[in-house]
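The residues making up each chain are set out below.
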Amino acid sequence: MRNRSRLSLLAAPAVLLVLAGCTPDAPSERTPHDAGAAWSYAGEGAPDHWGGLANEYGTCDAGEQQSPVDLPAPARGAQLDLTASGAVHGLTADNGHTVQFTADDGATTTIDGTALDLVQMHFHAASEHTVDGAAAAAEFHFVHADRKGELTVVGVLAEVGAHNPAYESYVAGATAGAGRASTVDVESMLPASRSFATYEGSLTTPPCSEGVRWIVLEDPIELGADQIADLEAAHVENARPVQPLGDRVIGHEL
């Protein structure tokens, strides 16, 4: 059974990955991305103010390993060793900050030999991680948890290009306006080349908890212009600005 003790820590509405850190908050029955104190991407609830909105959001200001960050140009190093369990069923719904697919129990992704539970996925437009200062059109976060509740988020950047059938079910859920049964296949939603950048970071939405392992694939996927437009019609400019890297090192192997 999936360890749910950290699911309230996921990022966008509080996603990501969504969305667990080394200094966990008290367990909560909230599902990933449910909002606590009101926060947003603009105005009084914007990212610059997150740390002061609630005591439990203090890490958004005080944390030293925050996400997202600006990534270096692709290194084209080792390929990510990832095997997913195939078609995953779940519910796609708009939570007010993003459109989130919440996986049914039993969905697993094996990364570097370790089986992880797929908890949820969601998107940001434009991307949260940048590459050499440039943002992509969108970014998808596939949030995974191990048996201890530690989180690994696989980030996938997206650019406008060819229509992508692997994302059809998810995008249809984004335009449904209410909860909709959806099916995703993680492997088919990733780029063919899977070189990656990895670092220790945080949730990208309140409470900004640290201790999240980030794996961001270097090559973007393509989505059709209509698919990007459908996502942006649901949410746009729902990305936290990049945070200081500090003394962290961006790696290219696990």
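Before reading on, note that the structure itself is shown above.
Residues numbered from 1 in each chain as written. Predicted model: local features only at pLDDT ≥ 70, side-chain atom pairs only at ≥ 80, totals over all residues. Heavy atoms only, no water.

Enquirer: Would you explain helix H4 (residues 225-234) in this entry?
Expert: Because an α-helix completes one turn every 3.6 residues, residues spaced three or four positions apart along the sequence face the same direction. Along H4, the residues that are buried comprise Gln227, Ile228 and Leu231. For H4, the buried positions fall inside an angular range of 100° around the axis, keeping them on one side. (Buried < 20%, exposed > 50% of the residue type's maximum accessible area, 1.4 Å probe, protein only. Helix = DSSP H or I, 4+ residues; strand = E, 2+ residues; numbered from the N terminus. Arc of directions from axis to C-beta.)

Enquirer: Mind showing me how you'd approach the side chain of aspartate 219 here?
Expert: Within the secondary structure, aspartate 219 sits in the loop between strand S13 (210-217) and strand S14 (221-224). Assessed through its relative accessible area of 17%, aspartate 219 is described here as buried. A polar contact of 3.3 Å, which involves the side chain of aspartate 219, links it to the side chain of serine 193. If near-sequence neighbours (up to four positions away) are discounted, aspartate 219 is found in contact with Arg76, Pro191 and Ser193. (Polar contact = N/O pair within 3.5 Å; in protein donor to acceptor, adjacent residues only side chain to side chain. Contact = heavy atoms within 4.5 Å.)

Enquirer: What should I look at first to understand the sheet that holds strand S8 (residues 134-135) in this one?
Expert: Each strand in a sheet pairs with another by means of backbone hydrogen bonds, the pair being arranged parallel or else antiparallel. Across the sheet, which stays open at both edges, the three strands sit in the order S1-S7-S8 with mixed pairing between neighbours. At either end of the open sheet lies a strand with only one pairing partner, and these are strand S1 (70-71) and S8. Here strand S7 (residues 130-131) pairs with S8 via two bridges, running antiparallel. When the bridges of S8 are listed, threonine 130 appears paired with alanine 135. (Pairing = 2+ DSSP bridges.)

Enquirer: Got a minute to help me understand the environment of glutamine 227 in this structure?
Expert: Among the structural elements, glutamine 227 can be located in helix H4. On the accessibility criterion, glutamine 227 (2% relative accessible area) is buried. C-alpha of glutamine 227 to C-alpha of glutamate 168: the two residues are 59 residues apart in sequence and 8.1 Å apart in space.

Enquirer: Would you explain the nonpolar core in this entry?
Expert: Across soluble globular proteins, nonpolar side chains show a tendency to be buried alongside one another. Core analysis: the biggest nonpolar cluster contains 37 residues, and Phe140, Phe142, Val156, Tyr167 and Tyr170 have the highest contact counts within it. For this core, the element with the most residues is strand S6 (residues 114-124), which contributes four residues. Apart from residues lying up to four places away in sequence, tyrosine 167 is in contact with Phe140, Phe142, Val156, Met189, Ile221, Leu223 and Gln227. One finds Val119, Leu151, Leu157 and Ala197 within the second-largest nonpolar core, a separate group that totals 16 residues. (Core = buried A, V, L, I, M, F, W, Y, C linked by side-chain atoms within 4.5 Å.)

By themselves, these figures tell us nothing about what the structure is for.
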